Amino acid sequence: MESKVSPPANAGAAAELPAVSLAGIDITFHLQGGQRYQAVKKIDLAVAPGEFVSVVGPTGCGKSTLLNAAAGLLTPSAGKVTIFGQPLSGLNRRAGYLFQQDALMPWKTALANVKVALEPMGVSDAQADRQARDWLARVGLRAFVERYPHMLSGGQRKRVALAQMLIRDPEILLMDEPFGPLDAQTRQIMGNLLLDLWSKDRKALIFVTHDLEEAIALSDRVVVMSAGPAAGIVADYKVPLPRPRDIAEIRLEKAFHEIHRDIWTSLRVEVQKAYAMGEGKELVEGAAS
Ligand SMILES: Nc1ncnc2c1ncn2[C@@H]1O[C@H](COP(=O)(O)OP(=O)(O)O)[C@@H](O)[C@H]1O
Ligand SMILES: [Mg+2]
């Protein structure tokens, strides 16, 4: 696939344009036997440059589908995706993508896995080596560059995947439940690492998670999707918590509990709907209060 997205001609105006704009997005899947399934309907979502937006919603509501539309991995049935004001066609090459399952190559070391990301950019081997070592150090893996993925913990593999994404310096970051498979403590450590890296140059970031606490702790805004089919956005909350944040500590703040209660009021209805429809076998985490 080829991208037709190019930097806007007028750089002054670019600051005003959303990094990602989804407008009137419908996505319908064509199933076997001629059946169709409309996953999302009339989704409008704009993410400003520098903004950290989380998308929460019940399992199966269409979060990954929506992120895939922003990544250019699928073309919506209706609506428009624009990236810094330019219509997206094909793969979104201004974005980096991090999936739940890490996509490291098992036969390559951490260093080689990170260097691979620079291959399409025509960087010399020596320079790629330097940059990859630098990124691995930034994610706390200076001493692990020669390890193969099977010699790394789940959290360490995520660190490699983060370095692999960030080394290309994408203007937009798209993350799909990236810390999902990790244990609770490692998730918090990874959340703090992500905030630390993000705060240095504040890329627009769309973070999909089913964990409401994680969403609040990390984000500037939390968007709630309804249960599918034809899922939409039912609520959009600003997170009025100061930065820098420690994502373990911030959960103890009164303001955190207040915003959690508000968002959970919206989300809970959708989780229950999804559950009733047999979609949501796992309830949303962080929902006990
Ligand atoms: N390629 C596909 N073909 C058919 N149905 C799909 C496809 N991808 C996703 N779906 C359906 O669309 C809905 C939304 O999926 P998804 O975006 O993966 O949900 P989430 O990420 O919120 O858990 C689900 O019901 C899923 O089964
Ligand atoms: Mg998903």
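Values in this document were obtained by computation on a predicted structure and should not be read as measured data.

Engineer: Can you explain the sheet that holds strand β7 (residues 172-176)? Please cite residues and give values.
Structural biologist: Spatially, six strands are ordered β6-β7-β8-β3-β9-β10 in an open sheet, and the strand pairing comes out mixed. Lying at the two open borders of the sheet, with one neighbouring strand each, are β6 (95-98) and β10 (233-238). Mean inter-strand twist for the sheet, computed between neighbouring axes without regard to direction, equals 15 degrees. Sheet topology note: the strand β9 (residues 221-225)/β10 ladder contains five bridges and is antiparallel.

Engineer: Go over the pairing of strand β3 (residues 52-56) with me, naming the residues and quoting the values.
Structural biologist: Regular strands place their side chains on alternate faces of the sheet. Here β3 lies mainly inside the structure; five of its five residues are buried. Judged from the four bridges that link them, β3 and β9 form a sheet pairing that is parallel. Directly across from Val 55, in β9, lies its bridge partner Val 223.

Engineer: Go over the site of ligand 1, please, and point to the residues and values.
Structural biologist: Lining the immediate surroundings of ligand 1 are 13 residues, of which Gly 60, Gly 62, Lys 63, Ser 64 and Thr 65 lie closest. In the model, an oxygen atom of ligand 1 is placed 3.2 Å from a nitrogen or oxygen of the Cys 61 main chain. Separating an oxygen atom of ligand 1 from a side-chain N or O atom of Ser 64 is a distance of 2.8 Å. In isolation ligand 1 offers 560 Å² of accessible surface; the protein chains occlude 63% of this area. With three residues, the single largest contributor to the shell around ligand 1 is helix α2 (residues 63-71).

Engineer: Run through the packing of helix α5 (residues 154-166) against helix α6 (residues 184-201), naming residues and quoting values.
Structural biologist: Contact geometry for α5 and α6: axes closest at 11 Å, N-to-C directions at 20 degrees. Judged by the angle between their axes, α5 and α6 are roughly parallel. Classified by chirality, the crossing of α6 by α5 is right-handed. Touching Gly 155, Lys 158, Arg 159, Leu 162 and Leu 166 of α5 are Thr 186, Ile 189, Met 190, Leu 193, Leu 194 and Leu 197, all from α6.

Engineer: Tell me about the pattern of salt bridges, residues and numbers included.
Structural biologist: Two side chains carrying opposite charge are able to pair once their charged atoms lie near each other. Enumeration according to the criterion identifies 17 salt bridges in this entry. For Asp 236, the salt bridge goes to Arg 221, with nearest N and O atoms at 2.9 Å. Note that Asp 236 is positioned in strand β10 and Arg 221 in strand β9, a separation of 15 residues in sequence. Arg 221 gets classed as buried once you look at its relative accessible area, which sits at 9%. Residues Lys 254 and Glu 258 are paired through a salt bridge, measuring 3.1 Å at the closest nitrogen-oxygen approach. Of this pair, Lys 254 and Glu 258 both sit in helix α8 (residues 254-276), four residues apart, which is roughly one turn of the helix. Classification of Lys 254 by relative accessible area gives exposed; the value is 64%. Among the ionic contacts, a cluster of salt bridges with common partners joins Lys 115, Asp 125, Asp 129, Arg 133 and Glu 146.

Each value, and the rule that gives it
Residues numbered from 1 in each chain as written. Chains lettered and ligands numbered in written order. Predicted model: local features only at pLDDT ≥ 70, side-chain atom pairs only at ≥ 80, totals over all residues. Heavy atoms only, no water. Pairing = 2+ DSSP bridges. Helix = DSSP H or I, 4+ residues; strand = E, 2+ residues; numbered from the N terminus. Axes fitted to C-alpha atoms, helices over the stretch in contact; angles between N-to-C directions. Buried < 20%, exposed > 50% of the residue type's maximum accessible area, 1.4 Å probe, protein only. Near = heavy atom within 4 Å. Polar contact = N/O pair within 3.5 Å; in protein donor to acceptor, adjacent residues only side chain to side chain. Areas by Shrake-Rupley, 256 points an atom, 1.4 Å probe, with all protein chains shown as cover. Parallel < 35°, antiparallel > 145°, perpendicular 65-115°, else oblique. Left-handed = near helix turned anticlockwise from the far one by under 90°. Contact = heavy atoms within 4.5 Å. Salt bridge = Lys/Arg side-chain N within 4 Å of Asp/Glu carboxyl O.

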